[in-house]
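Architecture at a glance
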Amino acid sequence: MRRRTTVSQAVIAAVVFALAVFCLAPMLMVLMTSFATERAITINGYTLWPSEWSGEAYRRMFNSVSRVPKAYWVTIRATLAGTFIAVVISYCAGYTLACPQCGLRNGLALYFYITMIFSAGLVPWYMVNRALGLTDNIWALIVPSLMFSPFNMYLVRNFLRGVPDSLRESGLIDGAGETRIAFMIYLPLAAPVLATITLFYAIAYWNNYFNAVMLVNNADYYPLQMLLFNIQSELSMISNMMTGVSLTPPKESFKMATSIITIGPIILVYPFLQRYFIKGMVVGAVKG
Amino acid sequence: MAEAAVGAVGKQRAHRLGPRGVIRELARNRALYLLVLPAVLYTFVYGYITLPYMAIAFEKFNFRTGILSQWVGLKNFQYFFKSTWAATVTRNTLILNFLFIVIVYVSSIVLALLLNEVRAKRFLKVSQTVMLFPYFISWVVVSYMLQGLLNTSTGLLNRIIAGLGGEAVSFYSTPGYWYVILILLRVWKYIGWTSVIYLSVITGIDGSLFEAAYIDGAGRLQSVLYITLPLLLPTASILTLMEVGRIFYGDFSMFYAIIRDNGSLMPVAEVIDTYVYRTFKLTGNPSLSMAVGMYQSLVGFALVFGSNALVNKLYPEGALF
């Protein structure tokens with residue numbers, strides 16, 4: 001029954017193709033320019049196919065004075081630690097809120113809901129972080145804002161609600177405690193939703209520069225995004241330290257190469273991301 | 001989500017428990033409450049302990065005296081609302097968010113309908129993958145990509161303009177272009193994402209509806225207009241309505257990465273969130289910043305609450321809370 005003219009199919013395909021190009025071309029330009037020589041950029045501008053190729057920007061990024069490797073390490077640590085803690089907190093909270101035995105679960109839901117619709121804003125947030133000593137250290141990148149999202153907790157709760165309660169009962173009969181049931185019986189079942197929230201948290205950590213803008217002045221604790229944000233100062237530092245070595249420090253290509261390096265891991269895990277993001281978003285958005 | 005959080009609160013036993021009952025309940029299910037404790041503490045620190053600090057809006061803040069600084073009443077609010085910034089940042093936040101929402105909404109629906117018609121599976125998969133990609137890229141990277149396109153001398157767009165015989169445009173000092181640029185960026189980043197969600201709604205539609213329509217002689221276009229669209233619109237609209245609730249909150253990560261401290265673009269691209277940041281961090285006036293933040297929190301609260309109540313009424317399943 002799904003027959004239709006090939007003409008309309010072709011038009012639709014052409015429109016979709018054009019949109020795909022619109023989405024991809026600018027990033028392709030970034031990738032290509034990261035491999036261009038500075039001279040080629042000055043003469044021909046940013047292009048999709050540089051006239052002169054060079055890997056100089058990437059070599060620069062990993063030389064001895066560059067802070068890129070250090071920032072990379074900061075981001076990796078913050079992302080791994082933060083995501084792990086955040087997923088554990090969200091799973092545990094979601095489990096309790098999904099549990100029919102929890103008599104206070106409506107009160108708890110209200111308690112979380114209030115903070116989702118009313119927030120005190122930036123200044124109090126900053127004051128609290130300062131009071132907690134969350135400035136100029138790695139925890140400033142891990143704890144504030146990112147370590148727990150009620151939205152992700154609700155995703156877990158909604159998922160666990162779909163699991164038959166008889167599982168818990170049989171666990172209780174077999175003598176398992178609530179914690180054991182949560183981690184030995186329900187945790188493996190929740191793998192899909194855990195994958196989804198893991199990715200939500202990981203992307204939020206990886207792409208975050210706000211915490212660093214607000215709370216980190218010491219460049220030793222700059223995450224990758226913050227270093228990239230401040231790349232101008234990084235560039236002048238590198239060229240100051242390298243005077244005499246190279247006459248034209250690759251400025252533009254260095255920016256582009258750092259951008260590419262920044263999204264590198266995302267491209268690597270992208271196939272998984274895509275699958276679970278769609279799944280999770282559909283659960284969260286449509287059935288939420 | 002709706003019933004658990006709001007609707008049912010009054011009715012269920014959670015509220016009927018007195019202080020004694022609560023303690024007994026906590027003791028009986030202590031393992032359960034231990035599990036939720038980290039989330040409760042975290043939310044307490046960032047959601048509740050922060051509230052008293054809002055008093056700073058009525059003070060002349062001093063880091064030494066902290067929250068007990070000198071009381072000045074509504075002075076900070078008066079200062080803000082008398083300045084031209086009040087109108088500028090409110091207008092920019094509302095207009096830009098409104099345009100973002102409407103244009104992403106419409107274009108994503110159109111794209112989802114188009115994707116649904118694509119029969120070549122492989123092509124569909126590849127184009128979806130490509131269009132979803134921008135969603136994962138940080139705004140900082142996007143800002144450099146944009147510079148690569150718009151730079152006056154080396155930007156790809158200006159090279160194309162020059163190639164066509166035009167004169168290079170100095171985008172970063174011409175505010176007039178920026179509503180369009182920001183909207184295009186928004187569409188670029190979110191169209192793939194939003195349309196994938198919409199597409200999943202479409203694929204969830206009962207296939208027998210289309211069969212019945214086909215038997216009754218409906219064409220492709222007719223079944224899109226009379227089946228797909230009417231069934232997609234409620235969900236899509238509700239998702240969008242939730243965003244409308246957040247219309248008073250600008251996307252700081254987006255605006256600050258792209259506009260930064262470029263004064264010539266501020267008349268069109270300074271939003272409440274970047275202004276709050278600027279008055280706090282760059283001009284160093286926490287009290288003024290807090291006053292503006294409180295204005296945002298209160299109006300924003302009314303809007304979120306209102307839109308959520310509306311969603312709850314129209315379509316309880318779709319409410320976020």
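Predicted, not measured: the structure shown is a model, and the values here were computed from it.

The next thing to look at is the overall build of chain B. The secondary structure content of chain B amounts to 16 helices and two strands. Compactness check: chain B gives a C-alpha radius of gyration of 25 Å against a globular reference of 20 Å for 321 residues, more than 25% above the reference. Seen through its principal axes, chain B has C-alpha atoms that stretch 70 × 65 × 35 Å. Within chain B, the proportion of its 321 residues that are buried is 40%. Expressed as a percentage of contacts within chain B between residues at least 6 apart in sequence, the contacts between residues at least 24 apart total 67%.

A tally of regular secondary structure across chain A gives 15 helices and zero strands. When each of the 288 residues of chain A is scored for burial, the buried share is 46%. Across chain A, every contact between residues at least 6 apart in sequence was considered, and the portion connecting residues at least 24 apart equals 72%.

In terms of nonpolar packing, the biggest core is built from 161 residues, with Y95 and V156 of chain A together with Y198 of chain B touching the most fellow members. In this structure, Y95 of chain A is in contact with L160, A182 and Y186 of chain A together with L35 of chain B, ignoring residues within four places of it in sequence.

Between chain B and chain A, the contact holds 87 residues from the first and 86 residues from the second. With 13 residues, the top contributor of residues to the side of chain B that touches chain A is helix 4 (residues 30-49) of chain B. Split by residue class, the side of chain B that touches chain A holds 61 nonpolar, 19 polar and seven charged.

Let us now look at unusual backbone geometry. Residues and elements named next belong to chain A. With phi around 55°, D136 is a residue other than glycine that occupies positive phi space. Within the secondary structure layout, D136 lies in the loop between helix 6 (122-131) and helix 7 (139-142). Accessibility expressed as a C-beta count within 10 Å gives 13 for D136, which makes it partly exposed.

All names here are of chain B. Two numbers describe how helix 5 (residues 75-82) lies on helix 16 (residues 286-314): the axes approach to 9 Å, and their chain directions differ by 75°. The angle between helix 5 and helix 16 places the two elements in the roughly perpendicular class. For the pair formed by helix 5 and helix 16, the contact residues are N76, F77, Y79 and F80 on the first element and S287, L288, A291 and V292 on the second. Split by residue class, the contact of helix 5 with helix 16 holds six nonpolar, two polar and no charged.

Residue and element names in this part refer to chain A. Relative to the 40 Å expected for 28 residues at 1.5 Å per residue, helix 1 (residues 6-33) spans 39 Å between its end C-alpha atoms, a close match to the ideal helical length. Its maximal kink placed at L24, helix 1 deviates by approximately 35°, while the proline P26 follows within four residues. When helix 1 is considered as a whole, its buried residues turn out to be V16, L19, C23, P26, M27, M29, V30 and T33.

Right, let's talk about the confidence of the model for chain A for a bit. Looking at chain A, the pLDDT average stands at 88 and 90% of residues meet or exceed 70. Mean pLDDT values for the elements of chain A range from 74 in helix 14 (residues 231-241) of chain A up to 98 in helix 7 of chain A.

Moving on: the pairing of strand 2 (residues 66-71) of chain B. All names here are of chain B. With respect to burial, strand 2 is a largely exposed element, only zero of its six residues being buried. Both strand 1 (residues 59-62) and strand 2 contribute to a ladder of three bridges, which runs antiparallel. Across the sheet, the residue bridging to K60 is Q70, located in strand 2.

Thresholds applied
- Note on numbering: residues in each chain are counted from 1, in written sequence order.
- Numbering of ligands from 1 and lettering of chains from A proceed in the order in which they are written.
- pLDDT decides what is reported in this predicted model: residues at 70 or higher carry local features, side-chain atom pairs at 80 or more are listed and counted, and totals for whole chains, interfaces and linings draw on all residues regardless.
- Secondary structure is summarised from DSSP: a helix means a run of H or I of at least four residues, a strand means a run of E of at least two, and numbering begins at the N terminus for each.
- When we talk radius of gyration, it's over C-alpha atoms, and the globule rule is simply 2.2 Å times the number of residues to the 0.38.
- Exposure criterion: with C-beta atoms placed from backbone coordinates, a residue whose C-beta has 20 or more other C-beta atoms within 10 Å is buried, one with 12 or fewer is exposed, and one in between is partly exposed.
- Here contacts are defined at the residue level, using C-beta atoms placed from the backbone and a cut-off of 7 Å between them.
- The nonpolar core criterion groups buried Ala, Val, Leu, Ile, Met, Phe, Trp, Tyr and Cys residues into a set whenever they are joined through C-beta atoms within 7 Å.
- Here the nonpolar group is Ala, Val, Leu, Ile, Met, Phe, Trp, Tyr, Cys and Pro; Asp, Glu, Lys and Arg are the charged ones; every other residue, Gly included, is treated as polar.
- Helix axes are fitted only over the stretch in contact, all axes being lines through C-alpha atoms; the angle between N-to-C directions runs from 0 to 180 degrees.
- An angle below 35 degrees is treated as roughly parallel, one above 145 as roughly antiparallel, one from 65 to 115 as roughly perpendicular, and anything else as oblique.
- By this rule, a helix spans an expected 1.5 Å times one less than how many residues it contains.
- Bend, at a single residue, is the angle you get between axes fitted to the 7 residues ending at that residue and the 7 residues starting at it.
- The pLDDT value expresses, per residue, how confident the predictor is, ranging between 0 and 100.
- Pairing between two strands requires that DSSP report at least two bridges joining them.

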